[in-house]
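Working through the structure, step by step
These are the residues of each chain, in order.
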Amino acid sequence: MLFRSDTLLHLTDIITQYGVQKELRLSIQSFSAAKDLAVHIQGKNHYQIYLLDMLMPQINGIEIGQLIRSQDEHAAIIYLTTSADYAYQAYSVFAQRYLLKPLKKPELYEALDFAVSQTLLRQKSLHVNTVHGIQQIMYQEIEYVECSARALHIYDIGGTEVVSRLLRKSFESNMSGLLQSGDFIQTHKSFIVNLSQVRLYDPNQMTMWSGAQIPISKSRQTAVKRMYLKYIAETY
């Protein structure tokens, strides 16, 4: 956390309460000077979630956010500030939340809920039984999954395709972990997509960042639209 010293104790107490309430083992480190955090990050000491004050002497929150992103593209960044002036710039470092002071505990807890869920998601992986053995693919690396000829075809964000052995259970049963994560949605009886990898949405299909076009079946269009808009609202 990076804040002026007069708020650090208060925030530390709130976050400690959050950890107890959610039964999480949190390790919290505080910085009252931006330059100290900058040195820490440049020394390859990284964190999974950053809470940053936007307005600090010498180095502002956006500059710290840019430094974080140069070292870690996945860490969650949450800004707390007295001004909305930097809100647009906060998106340039893919900040997950931009909260205005005076701080409201429910808003902070909601932001932490989302940051923690994303952090836990990055630790999850799909184990695929292939002809070459069991292959592990991190959830965050999956772009979409297709079920074809009773086998899974998993396409990652780098363009690699992993093909499973023949399925013994249903597509949905094999993909239950993905579907319960909140970041994946079944658009068609044969397709599941990673919502974070959707570049363009229309009622009939989702276009992924790779250019792949994933169909949305008519029976799922309403549910897909609702879940996609909910995901966008919660994420951005």
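Residues numbered from 1 in each chain as written. Predicted model: local features only at pLDDT ≥ 70, side-chain atom pairs only at ≥ 80, totals over all residues. Heavy atoms only, no water.

1. Thoughts on helix α5 (residues 105–122)
Taking 1.5 Å of rise per residue, 18 residues should cover 26 Å, and α5 covers 26 Å from first to last C-alpha, within 8% of that figure. For α5, the full list of buried residues reads Leu108, Tyr109, Ala111, Leu112, Phe114, Ala115, Val116, Gln118, Thr119, Leu121 and Arg122. (Helix = DSSP H or I, 4+ residues; strand = E, 2+ residues; numbered from the N terminus. Expected span 1.5 Å × (residues − 1). Buried < 20%, exposed > 50% of the residue type's maximum accessible area, 1.4 Å probe, protein only.)

2. Topic: the sheet that holds strand β9 (residues 184–188)
The strands that make up a sheet pair up through hydrogen bonds in the backbone, lying either parallel or antiparallel. Strand order across the open sheet formed by 5 strands is β8-β7-β6-β10-β9, with antiparallel pairing between neighbours. The sheet is open, and its two edges are formed by β8 (161–166) and β9, each paired on a single side. Across the sheet, the mean angle from the axis of one strand to that of its neighbour is 20°, orientation sign disregarded. When β9 meets strand β10 (residues 191–194), the two strands line up antiparallel, connected through 4 bridges. Within β10, the position partnered with Phe184 by the bridge is Asn194. (Pairing = 2+ DSSP bridges. Axes fitted to C-alpha atoms, helices over the stretch in contact; angles between N-to-C directions.)

3. Quick look at the packing of aromatic side chains
Taken as a whole and judged by the stated rule, the model has 8 aromatic pairs. For the ring pair Tyr18 and Tyr109, a centre distance of 5.1 Å and an interplane angle of 65° mean the geometry is edge-to-face. Here Tyr18 is found in helix α1 (residues 5–22), whereas its partner Tyr109 is found in helix α5, with 91 residues between them in sequence. No difference in accessibility class separates Tyr18 from Tyr109, as the two residues are buried. (Phe/Tyr/Trp six-rings, centres within 6.5 Å; stacked < 30°, edge-to-face > 60°.)

4. Brief notes about the pattern of salt bridges
Scanning all chains against the criterion turns up 4 salt bridges. Between Lys22 and Asp113 there is a salt bridge, with its nearest N and O atoms 3.4 Å apart. In this pair, Lys22 sits in helix α1 while Asp113 sits in helix α5, placing the two residues 91 residues apart along the sequence. In this structure Asp113 comes out as partly exposed when scored by relative accessible area, which is 32%. (Salt bridge = Lys/Arg side-chain N within 4 Å of Asp/Glu carboxyl O.)

5. What about the pairing of strand β4 (residues 125–130)?
Relative to strand β5 (residues 133–138), β4 runs antiparallel, the two being bridged by 6 bridges. Each residue of the ladder has a partner; that of His127, found in β5, is Gln136.

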